[in-house]
Amino acid sequence: MDDIRSSCQRNICSTYARLPVLFVRGQGCRLWDENGTEYLDFLAGIAVCNLGHSHPEIAQVLCDQAKQLIHVSNLFFTEPQVKLAAELTRLSFADKVFFGNSGAEANEAAIKLARKYSQDRHGPGRFHVISMRGSFHGRTLATLSATGQEKVHKGFEPLVEGFTFVDFNSVDAVQAALTEHTCAVLVEPIQGEGGINLPKPGYLADLKVLCKRHDLLLIFDEVQVGMGRTGTLFAYEQEGVTPDIMTLAKALGNGLPVGAMLASDEVAQAFAPGTHATTFGGTPLVTSVALRVLQLISQPDFLKRVRQNGGYLKQCLADLQSRHASLIKDVRGRGLIVGMELDRPGQQFVEACLKRGVIINCTHDTVLRMVPPLIVERRDIDRLVSVLDEVFQEETA
Ligand SMILES: *Cc1c(COP(=O)(O)O)cnc(C)c1O
């Protein structure tokens, strides 16, 4: 461990504040470090391993495809990519998909498509995107510029032109920020990195009405909350509203890097040949895996279990809140993305849980985030809650 740590410090850019654990193996909701110590995983690689670690069917598909064909470029046809696109469009509002390799890349594609579509229709100058304070859309130059958090911008100025921020959950604020240059509204259906912030009832549907009235595109960033996380395949399904563009990544490959931008036919036609591309987009390797992920997660029984266990998790955490009312200010979430807002910084509790073999994380300084693999069981939830109870008791003793 000490060797690895010093070698890491020597040779890897120090962009991450890593916790002192070296993982070597995973299975379901469990991880093991190099000493054989077992951990219960309530983070799932930040909402990525939704089917858990080392899922046997995923491992099988991955191995089979690796032996068959890994990559040939998008100069040719490959079957897994086409099958995945067909399944994604069958299961969503969308007609067309563009494949990339990450959430940031999916959002880059969405921003580029919105600009292209709007400038094709309305002429140059219509390229501004309204996004939300507290949002997170990625770390490339355009997506960090779209992100409504100063700490993400700092030191990288000048930012990409054309992004305006308004408060999340206010349609009036979007209305007030509109100009003749606006082409799209970009929003996470539930803010993840911003502290697990849920939309008010009707907020997203009202945004859609506003967008329609002004011929703006509504873009949902479902990179974190898509793929079953909230108990439906996509988070927008619970809002009675469809976007014009949606982005996916994190859990789409259960750990393999794959992102996707989905759009209606009418909007997607703005991406003519030569307008956008990426070398690795939709390789047979990642798309064959993503197809199996999608087939497993979209099963109604699977999603029902997510809703049930999500309800149980939220209930247990609400009970915990009543026992530690001075410390816990709020418990909120949907399905298996749940945040617990504290009255003080949360990182010390993340570390205290880790010492007891439970992995959670902290977002937005004071919000403990629980995003376990979607296959989590009640006894796992019980374990998490008893460990949290212990660390909170210790804090207030
Ligand atoms: C993680 C995340 C991204 C960025 O995804 P990367 O794969 O890290 O580029 C974008 N949007 C949201 C909502 C995310 O949670």
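What counts and what doesn't
- Residues numbered from 1 in each chain as written.
- Predicted model: local features only at pLDDT ≥ 70, side-chain atom pairs only at ≥ 80, totals over all residues.
- Heavy atoms only, no water.
- Helix = DSSP H or I, 4+ residues; strand = E, 2+ residues; numbered from the N terminus.
- Rg over C-alpha atoms; globule rule 2.2 N^0.38 Å.
- Buried < 20%, exposed > 50% of the residue type's maximum accessible area, 1.4 Å probe, protein only.
- Contact = heavy atoms within 4.5 Å.
- Areas by Shrake-Rupley, 256 points an atom, 1.4 Å probe, with all protein chains shown as cover.
- Lys, Arg positive; Asp, Glu negative; His and termini not counted.
- Charge placed at Lys NZ, Arg CZ, Asp CG, Glu CD.
- Salt bridge = Lys/Arg side-chain N within 4 Å of Asp/Glu carboxyl O.
- Near = heavy atom within 4 Å.
- Polar contact = N/O pair within 3.5 Å; in protein donor to acceptor, adjacent residues only side chain to side chain.
- Nonpolar A, V, L, I, M, F, W, Y, C, P; charged D, E, K, R; others polar.
- Expected span 1.5 Å × (residues − 1).
- Arc of directions from axis to C-beta.
- Domains from an automatic or database assignment.
- Buried area = accessible area lost by both parts, 1.4 Å probe.
- Phe/Tyr/Trp six-rings, centres within 6.5 Å; stacked < 30°, edge-to-face > 60°.
- Lys NZ or Arg CZ within 6 Å of the ring centre and 35° of its normal.
- Patch = residues over 30% accessible without salt bridge, like charges linked within 9 Å, V, L, I, M, F, W, Y side chains within 5 Å.
- Pairing = 2+ DSSP bridges.
- Axes fitted to C-alpha atoms, helices over the stretch in contact; angles between N-to-C directions.
- Core = buried A, V, L, I, M, F, W, Y, C linked by side-chain atoms within 4.5 Å.

A. Structural context of the overall build of the chain. Within the chain, the secondary structure is distributed over 14 helices and 15 strands. For 397 residues, the compact-globule formula gives about 21 Å, and the C-alpha radius of gyration of the chain, at 21 Å, lands near that figure. Seen through its C-alpha atoms, the chain measures out along the principal axes to roughly 65 × 55 × 45 Å. Scored against the burial criterion, the 397 residues of the chain give a buried share of 56%. In the chain, of all internal contacts separated by at least 6 residues, the share reaching a separation of at least 24 is 71%. When the accessible surface of the chain is summed, it comes to about 17800 Å², and 52% of that surface belongs to carbon and sulfur atoms. Across the chain, 40 positive and 45 negative side-chain charges occur, with their mean positions spaced 1 Å apart.

B. Local environment of the pattern of salt bridges. Counted according to the given criterion, the structure contains 22 salt bridges. Across the pair Arg-292 and Glu-57 runs a salt bridge, and its minimum N-O distance is 3.3 Å. Remark: Glu-57 occurs in helix α3 (residues 56-68) and Arg-292 occurs in helix α11 (residues 284-297); sequence separation between them is 235 residues. According to the relative accessible area criterion, Arg-292 is partly exposed, its value standing at 29%. In this structure, Arg-334 engages Glu-239 in a salt bridge whose closest nitrogen and oxygen atoms are separated by 2.8 Å. Residue Arg-334 is located in strand β11 (residues 328-334), and its partner Glu-239 is located in the loop between β8 (217-221) and β9 (245-248); the two are separated by 95 residues in the primary sequence. Take Arg-334 and Glu-239: they sit in the same class, and that class is buried.

C. Just the site of the ligand, in detail. Taken together, the residues surrounding the ligand are Ser-102, Gly-103, Ala-104, Asn-107, Phe-136, His-137, Gly-138, Glu-188, Asp-221, Val-223, Gln-224 and Lys-250. A distance of 2.8 Å separates an oxygen atom of the ligand from a polar side-chain atom of Gln-224. One of the side-chain nitrogen or oxygen atoms of Lys-250 is found 2.6 Å away from an oxygen atom of the ligand. When grouped by side-chain class, the residues that make up the shell around the ligand number three nonpolar, six polar and three charged.

D. Quick look at α3. Compared with an ideal rise of 1.5 Å per residue, which puts 13 residues at 18 Å, α3 spans 18 Å between its outermost C-alpha atoms and is within 8% of the ideal. Restricting attention to buried positions, one finds in α3 the residues Ile-58, Val-61 and Gln-65. For α3, the angular spread of buried residues about the axis comes to 65 degrees, placing them on one side. In α3, the exposed positions angled more than 90 degrees off the buried face are occupied by Pro-56 and Lys-67. Its buried side turned inward, α3 meets α4 (79-90) and α11.

E. Main features of the environment of Arg-90. Mapped onto the fold, Arg-90 is located in helix α4. Side chain to side chain, Arg-90 and Glu-87 meet in a polar contact 2.8 Å long.

F. Spotlight on the domain arrangement of the chain. Split by domain assignment, the chain resolves into domain 1 (13-42 + 300-396) and domain 2 (57-297). Centre-to-centre, using C-alpha coordinates, domain 1 lies 27 Å away from domain 2. Taken together, the contact between domain 1 and domain 2 spans 19 residues of the former and 22 residues of the latter. Both sides together, the interface formed by domain 1 and domain 2 hides about 1800 Å², and carbon and sulfur atoms give 55% of it. Considering only the surface of domain 1 that becomes buried against domain 2, Leu-303, Arg-334 and Ile-337 emerge as the three largest contributors, covering 38% of it.

G. Looking closely at the packing of aromatic side chains. In total, this model carries six aromatic pairs according to the counting rule given. Their ring planes at 80 degrees and their centres at 5.7 Å tell us that Phe-93 and Tyr-236 sit as a pair that is edge-to-face. Taken together, the residues span a long stretch of sequence, with Phe-93 in the loop between α4 and β4 (96-100) and Tyr-236 in the loop between β8 and β9 at a distance of 143 residues. Judged by its relative accessible area of 19%, Phe-93 is buried. The class of Tyr-236 is buried, set by a relative accessible area of 6%. Ring geometry for Phe-98 against Phe-271: centres 6.2 Å apart, planes inclined by 70 degrees, an arrangement best described as edge-to-face. Taken together, the residues Phe-98 in strand β4 and Phe-271 in the loop between α10 (265-268) and α11 connect sequence positions 173 residues apart. Through pairs of rings, three or more aromatic residues link up here, namely Phe-93, Phe-234 and Tyr-236. It is Arg-378 that lies over the ring of Tyr-312; its NZ or CZ is 4.0 Å from the centre.

H. Spotlight on a nonpolar patch on the surface. A surface patch of nonpolar side chains, about 400 Å² in accessible area, is lined by Leu-69, Val-72, Leu-75 and Phe-76. As for its position among the elements, Phe-76 is in the loop between α3 and α4.

I. The sheet that holds β8, seen in detail. Read across the open sheet, the seven strands follow the order β4-β10-β9-β8-β7-β5-β6; overall the sheet is mixed. The sheet is open, and its two edges are formed by β4 and β6 (163-166), each paired on a single side. Within this sheet the neighbouring strands show an average axis-to-axis angle of 20 degrees, counted without direction. In the sheet, strand β5 (residues 128-132) pairs with strand β7 (residues 182-187) via three bridges, with the strands oriented parallel. Among the inter-strand pairings, Ile-130 is bridged to a residue of β7, identified as Val-185.

J. Geometry of the nonpolar core. Residues Leu-88, Leu-317, Met-340, Ile-360, Leu-368 and Phe-392 are the most contacted members of the largest nonpolar core, which totals 84 residues. Broken down by element, the residue count for this core peaks at nine residues, all from α11. Counting contributing residues, this core receives three or more from each of domain 1 (13-42 + 300-396) and domain 2 (57-297). What Ile-360 contacts, discounting residues up to four positions off in sequence, is Phe-42, Val-350, Cys-353, Leu-368, Arg-369, Met-370, Leu-384 and Leu-388.

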